[in-house]
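Structure at a glance
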There are 2 protein chains.
Amino acid sequence: METILHFERAEYAARLAAVKAEMSKRGLEILLISEPPNQNYLTGYDAYSFYTPQMAIVALDREEPIIITRGMDMTSARITTYLSEDSIRGFPDNYVNSIERSAYDYVASVVQELGGEKAVIGVEMGGYYYSARAHADLVKALPQARFEDADLLVNWIRLVKSSAELEFMRQAGLIGDAVIKRVIETAEPGVRECDLAAAAYHQEISGTPEFGGTYNSSVVHLCVGERALAPHSTWTDRPLSDRTIINFEVHGTRRRYQVNVSRTIHLGKPSADYVKLADIAIEALNAGLESVRPGQTCSDVFAAFHAVLSRNGLEKDQRIGYPLGIGYPPTVAERTASIRKEEKTVLQAGMCFHMMTGLWLGVQSVTITQPFAVTEEGYEPLTHTPRTLVVK
Amino acid sequence: METILHFERAEYAARLAAVKAEMSKRGLEILLISEPPNQNYLTGYDAYSFYTPQMAIVALDREEPIIITRGMDMTSARITTYLSEDSIRGFPDNYVNSIERSAYDYVASVVQELGGEKAVIGVEMGGYYYSARAHADLVKALPQARFEDADLLVNWIRLVKSSAELEFMRQAGLIGDAVIKRVIETAEPGVRECDLAAAAYHQEISGTPEFGGTYNSSVVHLCVGERALAPHSTWTDRPLSDRTIINFEVHGTRRRYQVNVSRTIHLGKPSADYVKLADIAIEALNAGLESVRPGQTCSDVFAAFHAVLSRNGLEKDQRIGYPLGIGYPPTVAERTASIRKEEKTVLQAGMCFHMMTGLWLGVQSVTITQPFAVTEEGYEPLTHTPRTLVVK
């Protein structure tokens, strides 16, 4: 069966070495990786199978990671990873959604096989796919081991992208541009919101003629009219009216690397006040972007953005950026650095963020945003659609 | 701001009463509900906001549930739930992805406000959105409370659908039929796999002229050629060849109620052996369906299905069905009854399942399946596409 890897073996080796170095530093002998993007980063594993237990294991004294999946998903491991057969393990199907059996007992048995009964074991305590039950079952099955919280250990390493990863981020950006274009073309009075969303999804998955797309790690947001004030709404069946706001967030996703981007469409002529608000939002976004360069902190970027708002008597206390990279549901956000007031993370070339400067202010809202990579000199926009309010 | 509820208030009240009755039975004073479908079931809450902490609280001595979201998502609670303003709470944005602050401290403060410092508190230990960290933070913040595992308490109540819910399941089924039709029409040699997937997504979201669709809770599976042996693969950029298998799983999703359904397309003339395999798969599926009626166990249905396989010298040890209903990523499956060998759950009218009788046998695979509702007399198919192998 043919294996499809998206990176050179040397790149996977470098990632693994970085993780092992951090494990050594923290005194961890074994790392249990439950987060799908982290599993993908270290092994290449890619399948929509993480809704049943799935674990990658890195042991300091074992060269290759081990991936444990549901038995039927071992085929996906053979197709998408560089791992040898001995590093691909599957648990029987009667462990799935079972009251009597826990797949984490199976995970524990592999840890024991690695000699890890008494090891110091890192686990991703705050991960999306490491439930309270998973942890309780593991602790019970490995009573002599010491568990340490290693949440975000891999995520922080992922924060700085390699040049090969940046290439996928740029391809994702091209898809993102195609999706924005498609949404703008499709939005007309009378079109049902669901049909507009359908067009966005079609373009996200189809991608461009050169670069096919794949599923995004969250959902298209299409916040129309009154619902434009709810940042995480989706869509209804209703036809668009002659005069309304459409705040939308779409994605470009390439080989699981994802770019998020938002725009606002105003159907019908906007009020002068609204145009003024959009102008401020764009000026603030641009000020934030212009402040990006290695050595600046996330907080510095927030300050540059917010100075424009303050000068105009406005305020935003939410974060204005989150890191982008490998995404699986429920979100692409890496849960590490946020661009916000109090965040002291120092920017480095290769980090990628979505500068999500949406403003939801009482009865008005506007969402014009920019995904970007930090470069040696400043920033590189990952999408190229002009940062403007779209009036149709 | 207009509130959009998809069910009568009396239906929400009946659901809440059923949950409170079960809480009383188990001696739980407070139930913390972290699973998005359970939150939706009890309050109507619907937004793609569950990737940050989100909790519904049911207290035995309080009439309404409380929903806690990120501050910016309170707007979605006002739009999508029947809750009064006092029952909608939001935590500040600096709790999001923070190292210093835990949103579960905020949740604990609401529990304290309800007088729950020393309460017996049910939590969904195995839920997708209840991490090891969430539990640890809550236990620490409420040291005098007693925590009990109440995982699936709400899920088991959701298993039997009301007539209003069944109506949405039927609408979802109509969308599912439209998606199958679209995929079959679009699949041609030379079409890129991503363009075929894009067509499926377009139809899922667009729905039908009467019933708009919404995002599914997992992903379209499009397993082509060799990858047809990997059940949870998605798609590539490659064009379809003249002669290949396409195993696909698509969805109809209506107001978050979801139907899953699979078919196999054979591009080019299939071998006689393959046609024989498909015939067996269909016969086994039909035998399983014909055995469905209230009073039968899940195990009985599995046996009826498997008798056909056994007679033909085949075997399947995976489960062949999971419950369908309200879905949010990562899956619609309710994690309660599975149709499999050892499962003694007794069928009742109103339960809905996806009979997922895909066969992955060495070098061959076929996926022809049927979502259905249990009725008083037997079963009602939720999609109406004929159960056949599609040859193009």
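Bear in mind that the values here come from a model prediction, so they are computed numbers and not experimental data.

Moving on to the domain arrangement of chain A. Residue and element names in this part refer to chain A. What the domain assignment lists for chain A is domain 1 (9-158) and domain 2 (163-391). When each unit is reduced to the centre of its C-alpha atoms, the spacing between domain 1 and domain 2 is 33 Å. The largest share of the area that domain 1 buries against domain 2 comes from Tyr128, Trp156 and Arg158, three residues that together contribute 33% of it. Here domain 1 is connected to domain 2 by 4 salt bridges. For Arg15, the salt bridge identified is with Glu165, shortest N-O distance 3.8 Å. Taken together, the links from domain 1 to domain 2 amount to 7 residue pairs in polar contact (both at pLDDT 80 or more). Where the side of domain 1 that touches domain 2 is concerned, the elements lending two or more residues are helix H1 (9-26), helix H2 (36-43) and helix H6 (153-158). Among the elements that make up the side of domain 1 that touches domain 2, the one with the highest residue count is H2 (4 residues). Its residues placed into classes, the side of domain 1 that touches domain 2 shows 11 nonpolar, 4 polar and 6 charged.

Residues and elements named next belong to chain A. By secondary structure assignment, the location of Leu347 is in the loop between strand E10 (321-323) and strand E11 (352-355). Classification of Leu347 by relative accessible area gives buried; the value is 3%. On a C-alpha basis, the gap between Leu347 and Gly115 in space is 39 Å, while along the polypeptide they are 232 residues apart. In this structure, Leu347 is in contact with Val292, Arg293, Pro294, Gly295, Gln296, Cys298, Val301, Phe353 and Val374, ignoring residues within four places of it in sequence.

This part takes up the sheet that holds strand E1 (residues 30-33) of chain B. All names here are of chain B. The 6 strands lie next to each other as E4-E3-E2-E1-E5-E6, forming an open sheet whose pairing is mixed. Edge positions in the sheet fall to strand E4 (88-91) and strand E6 (146-149), since each has one partner strand and no second. Sheet twist, expressed as the average angle between the axes of neighbouring strands with direction ignored, equals 25 degrees. Sheet topology note: the strand E3 (residues 66-70)/E4 ladder contains 4 bridges and is parallel. Of the residues in E4, the one forming a bridge with Arg70 is Phe91. Each of E1, strand E2 (55-59), strand E5 (120-123) and E6 touches helix H5 (residues 132-141); the most contacted strand, E6, lies at about 150 degrees to it.

Turning to the relation of the copies chain A and chain B, a few remarks are in order. When chain A is fitted to chain B, the best match, at an RMSD of 0.0 Å, comes from turning it 180 degrees and sliding it 0.0 Å along the axis. Expressed as a symmetry operation, the mapping of one chain copy onto the other fits a two-fold axis. A share of 100% of the interface residues of chain A reappears at the interface of chain B, consistent with the copies meeting face to face through the same patch.

Our focus in this paragraph is the layout of surface pockets. Roughly 1100 Å³ of internal volume is contained in the largest pocket. In terms of lining residues, the largest pocket is bounded by 43 residues, among which Asp151 and Arg335 of chain A together with Asn97, Ser98 and Arg133 of chain B are the most central. Contributing elements (two or more residues each) for the lining of the largest pocket: H1 and H6 of chain A together with helix H4 (103-113) and H5 of chain B. Among the elements that make up the lining of the largest pocket, the one with the highest residue count is H5 of chain B (5 residues). Classifying every residue of the lining of the largest pocket gives 17 nonpolar, 11 polar and 15 charged. There is about 660 Å³ of room inside the second largest pocket. In terms of lining, the second largest pocket is formed by 35 residues, of which the most central are Pro53, Tyr104 and Arg133 of chain A together with Gly126 and Arg335 of chain B. Among the elements of the structure, H2, helix H4 (103-113) and helix H5 (132-141) of chain A are those that each provide at least two residues to the lining of the second largest pocket. Across the lining of the second largest pocket, the residue classes break down as 17 nonpolar, 11 polar and 7 charged.

Thresholds, definitions, all that
- Sequence order as written defines the numbering, with residues in each chain counted from 1.
- Labels follow written order: the first chain is A, the first ligand is 1, and so on.
- Selection of residues for local features in this predicted model requires a pLDDT of at least 70, selection of side-chain atom pairs for listing and counting requires 80 or more, and totals for whole chains, interfaces and linings are taken over all residues.
- Excluding hydrogens and water, the side-chain figures rest on all heavy atoms present in the structure.
- Residue ranges assigned to each domain were obtained from an automatic or database domain assignment.
- When two parts are brought into contact, each loses some accessible area as probed by a 1.4 Å sphere; the total of that loss over both is the buried area.
- Salt-bridge detection follows one rule: a side-chain nitrogen of Lys or Arg within 4 Å of a carboxyl oxygen of Asp or Glu.
- For this analysis, a polar contact is any N or O atom pair within 3.5 Å, provided that within protein one partner can donate a hydrogen and the other can accept it, and provided that sequence-adjacent residues contribute only side-chain to side-chain pairs.
- The helix count covers DSSP runs of H or I at least four residues long, the strand count covers runs of E at least two residues long, and both are numbered beginning at the N terminus.
- All residues other than Ala, Val, Leu, Ile, Met, Phe, Trp, Tyr, Cys, Pro, Asp, Glu, Lys and Arg, Gly among them, are scored as polar; the first ten of these are nonpolar and the last four charged.
- Each residue's exposure class comes from its accessible area (1.4 Å probe, protein chains only) as a fraction of the maximum for that residue type: buried when under 20%, exposed when over 50%, partly exposed otherwise.
- Contacts: residue pairs with any heavy atoms within 4.5 Å of one another.
- Between any two strands, at least two bridges found by DSSP are needed for them to pair.
- To obtain each axis, a line is fitted to C-alpha atoms, and for helices this fit is confined to the stretch in contact; angles are then taken between N-to-C directions over 0 to 180 degrees.
- When the copies are superposed, the least-squares fit takes in the C-alpha atoms of residues with a pLDDT of at least 70 in both.
- Cavities and pockets were defined on a 1 Å grid built over protein atoms only: a cavity is a set of grid points that admits a 1.4 Å probe from which the probe cannot escape, a pocket is an open set flanked by protein on both sides within 12 Å along at least five of seven lines, and lining residues are those with an atom within 4 Å of any such point.
- Grid points are joined across faces, edges and corners, and a volume is the space filled by probe spheres set on the points.

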